[in-house]
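Results of the structural survey
Single-letter residue listing:
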Amino acid sequence: DDMKIAKEEIFGPVLSLMKFKTIEEAIQRANNTRYGLAAGVVTKDINIANTVSRSIRAGTIWINCYFEFDSGCPFGGYKMSGFGKDFGMDAIYKYTKLKSVVTPIFNTPWL
């Protein structure tokens, strides 16, 4: 847990594996970082997959796969792992501003 690979967001063909005794310990250790871009869960148990994916604070969680993308699925991190999302409708929001304009229209059947 004190090694650079466990503390920093390292990009490249790198895989970090750590032993754990309980699911709770694995979740705690996964969340014990300033970063949260993505994580992967490998399991045969769908209940464990659901528990872990909902508990880990990362922007993308892959279950039984890794680095799979879909253009409609938002991708981006939590915590210090970036700002905003790429792909999907969330990416479009980076380039738009939401505005509400309210104008009374007189002499209409709705008023």
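Conventions used here
Residues numbered from 1 in each chain as written. Predicted model: local features only at pLDDT ≥ 70, side-chain atom pairs only at ≥ 80, totals over all residues. Heavy atoms only, no water. Patch = residues over 30% accessible without salt bridge, like charges linked within 9 Å, V, L, I, M, F, W, Y side chains within 5 Å. Areas by Shrake-Rupley, 256 points an atom, 1.4 Å probe, with all protein chains shown as cover. Salt bridge = Lys/Arg side-chain N within 4 Å of Asp/Glu carboxyl O. Helix = DSSP H or I, 4+ residues; strand = E, 2+ residues; numbered from the N terminus. Buried < 20%, exposed > 50% of the residue type's maximum accessible area, 1.4 Å probe, protein only. Axes fitted to C-alpha atoms, helices over the stretch in contact; angles between N-to-C directions. Parallel < 35°, antiparallel > 145°, perpendicular 65-115°, else oblique. Left-handed = near helix turned anticlockwise from the far one by under 90°. Contact = heavy atoms within 4.5 Å. Nonpolar A, V, L, I, M, F, W, Y, C, P; charged D, E, K, R; others polar. Phe/Tyr/Trp six-rings, centres within 6.5 Å; stacked < 30°, edge-to-face > 60°.

1. With respect to a nonpolar patch on the surface
Nonpolar side chains collect at one region of the surface, where Met3, Ile5, Ile10 and Val14 lie side by side and expose about 340 Å² of accessible area between them. Considering the arrangement of structural elements, one finds isoleucine 5 in helix H1 (residues 4–7). Take isoleucine 5: its relative accessible area is 31%, and that puts it in the partly exposed class.

2. What about the packing of helix H2 (residues 23–31) against helix H3 (residues 46–55)?
Running from N to C, H2 and H3 cross one another at 30°; their axes reach a closest spacing of 10 Å. Between H2 and H3, the interaxial angle falls into the category roughly parallel. The way H2 lies across H3 gives a crossing that is right-handed. Here H2 contributes Ile23, Ile27 and Asn31 to the contact with H3, which in turn contributes Ile48, Thr51, Val52 and Ser55. Residues of the contact of H2 with H3, tallied by class, amount to four nonpolar, three polar and no charged.

3. What about the packing of aromatic side chains?
Each pair of aromatic rings is reported with the distance of its centres and the angle of its planes. Taken as a whole, this structure holds seven aromatic pairs when the rule is applied. Between tryptophan 62 and tyrosine 66, the ring centres sit 4.5 Å apart and the planes meet at 55°, which makes this aromatic pair tilted. Ring centres of phenylalanine 69 and phenylalanine 87 lie 6.1 Å apart, and the angle between their planes is 55°; this geometry places the pair in the tilted category. Linking phenylalanine 69 in the loop between strand E3 (60–63) and strand E4 (78–79) with phenylalanine 87 in the loop between E4 and helix H4 (88–92), this pair joins segments that are 18 residues apart in sequence. Overall, the relative accessible area of 38% leaves phenylalanine 69 in the partly exposed class. Note on phenylalanine 87: relative accessible area 37%, which makes it partly exposed. In textbook terms, an aromatic cluster arises when at least three aromatic residues are bridged by ring pairs, as seen for Trp62, Tyr66, Phe67, Phe69, Phe75 and Phe87.

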